[in-house]
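Overview (structure and organization)
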Amino acid sequence: MSERTGMSELTAPADARTVTVTGFGTAEAAPDLLTLSIGLECRRDNAGDAYAAAGAASAAVTGALRSRGVGNRDIRTSGLNVRADVVWQEGRGQQVTGYVASSMLSVRLRDPAAGSEVIAAAVEAGGNDVRLDGVQLGFADAAAVMALARDAAWADARAAAAQLAALAGAGLGQVLAVRQNPVPSAPIPFGGIQRAFGGDSMTVETGESSVSTSVTVEWQLLVDAAGGERDVGGQR
């Protein structure tokens, strides 16, 4: 493979030199998926009561979610835990003051615009036992947005590689290797909400969400066929 710079033909030498560059790209689009992390935590005098209370709170919250159109496949329970609540007392050591049962619900909303209403309903149903641990906006299928981010990352890498090649008095040849390095999107946090009163609502503004990626590309460096690389001024 060869390129022409001015009237000089560029070729790859036998001991071809290369340039490797990592490019970064981001694409934005309106999200179509909102994921809620809803925590449930109940403190009671004994483990059985704590566990039963957590179960009742979970049933109330999931019932409220289903009544607003959230399907079973979009509600997942994780992190079920029952532990002793202990405090340190001088001269007595650790003392059990009660028991705490907790669990986490991961809820996917396929209509992000309904987020405010669903959050308010979940908090009202669970009362003081509910914690909102976070919300993440994203895409049910991010393939199209990722393709745009990949295009941007490639253009970034290509521009940087072309500049480095020019500084070295060379041109870019064929691509020898490509590696994509996904950059995970960070969740958009909601501060831990300890309590919400009936009828109160928090607005969820969806805006646009971004998808980022990076690509690492290795190119051959092409040099003047007449011999040697050329420096920036065109001198050998």
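Use the structure listed above.
Residues numbered from 1 in each chain as written. Predicted model: local features only at pLDDT ≥ 70, side-chain atom pairs only at ≥ 80, totals over all residues. Heavy atoms only, no water.

Describing the overall build of the chain
Spelled out, the test is: Helix and strand definitions follow DSSP, with helices as H or I runs of at least four residues and strands as E runs of at least two, each counted in order from the N terminus. The buried label applies to any residue whose accessible area, calculated with a 1.4 Å probe on protein chains only, is under 20% of its type's maximum; exposed applies above 50%, and partly exposed to all values in between. The criterion used for residue contact is that any of the two residues' heavy atoms lie within 4.5 Å. Where accessible areas are quoted, they stem from the Shrake-Rupley method and a 1.4 Å probe; at the residue level, only the protein chains shown are allowed to cover.
Secondary structure assignment for the chain yields 3 helices and 9 strands. Counting helices and strands in the order they occur from the N terminus, the chain gives β-β-β-β-α-β-β-α-β-α-β-β. With 236 residues in all, the chain has 36% of them scored as buried. Partitioning the contacts of the chain with sequence separation of at least 6, the portion at a separation of at least 24 is 83%. For the chain, the exposed surface amounts to about 13,100 Å²; the carbon and sulfur share of it is 50%.

A closer look at the side chain of Ser209
As for its placement among the helices and strands, Ser209 is situated in strand β9 (residues 209-224). Judged by its relative accessible area of 6%, Ser209 falls in the buried class.

Remarks on the sheet that holds strand β6 (residues 93-109)
Here is the rule we go by: Between any two strands, at least two bridges found by DSSP are needed for them to pair. All axes are obtained by fitting lines to C-alpha atoms, using only the stretch in contact for helices, and the reported angles, taken between N-to-C directions, cover 0 to 180 degrees.
Spatially, 4 strands are ordered β5-β6-β4-β7 in an open sheet, and the strand pairing comes out antiparallel. Of all the strands in the sheet, the pair left with one neighbour each is β5 (75-89) and β7 (130-138). The average angle at which neighbouring strand axes cross in this sheet is 20°, direction not considered. In this sheet, β7 lies alongside strand β4 (residues 33-44) in antiparallel orientation, the contact comprising 8 bridges. Each residue of the ladder has a partner; that of Leu34, found in β7, is Leu137. Set on the sheet, helix α2 (residues 115-126) makes contact with β4, β6 and β7; between it and β7 the angle comes to about 160°.

Observations regarding a nonpolar patch on the surface
Note the cut-off: For patches, a residue must show more than 30% relative accessible area and have no salt bridge; joins then use 9 Å for like charges and 5 Å for nonpolar side chains, namely Val, Leu, Ile, Met, Phe, Trp and Tyr. Salt bridge, as used here: a side-chain nitrogen of Lys or Arg that lies within 4 Å of a carboxyl oxygen of Asp or Glu.
Among the surface-exposed residues, Tyr51, Leu80 and Val82 lie close enough to one another that they form a single nonpolar patch of about 310 Å² accessible area. By secondary structure assignment, the location of Tyr51 is in helix α1 (residues 47-67).

Points about the pattern of salt bridges
Inspection of the entire model under this criterion finds 6 salt bridges. Between Arg43 and Glu41 there is a salt bridge, with its nearest N and O atoms 3.0 Å apart. Residue Arg83 is joined to Asp85 by a salt bridge in which the shortest nitrogen-to-oxygen separation is 3.9 Å. Three or more residues joined by partner-sharing salt bridges are found here, namely Glu41, Arg43, Arg83 and Asp85.

Overview of the environment of Asp32
Threshold: A 3.5 Å cut-off defines polar contacts: any pair of N or O atoms within that distance qualifies, except that in protein one atom must be a possible hydrogen donor and the other a possible acceptor, and neighbouring residues in sequence count only when both atoms are side-chain atoms.
Along the polypeptide, Asp32 turns up in the loop between β3 (18-29) and β4. Taking relative accessible area as the criterion, Asp32 reaches 34% and is therefore assigned partly exposed. C-alpha separation for the pair Asp32 and Ala113, spaced 81 residues apart in sequence, amounts to 8.9 Å. Among all residues touching Asp32, those that are not within four sequence positions of it are Leu109, Arg110, Pro112, Gly138, Phe139 and Ala140. Among the polar contacts listed, one links the side chain of Asp32 to the backbone nitrogen of Ala140, at a separation of 2.7 Å.

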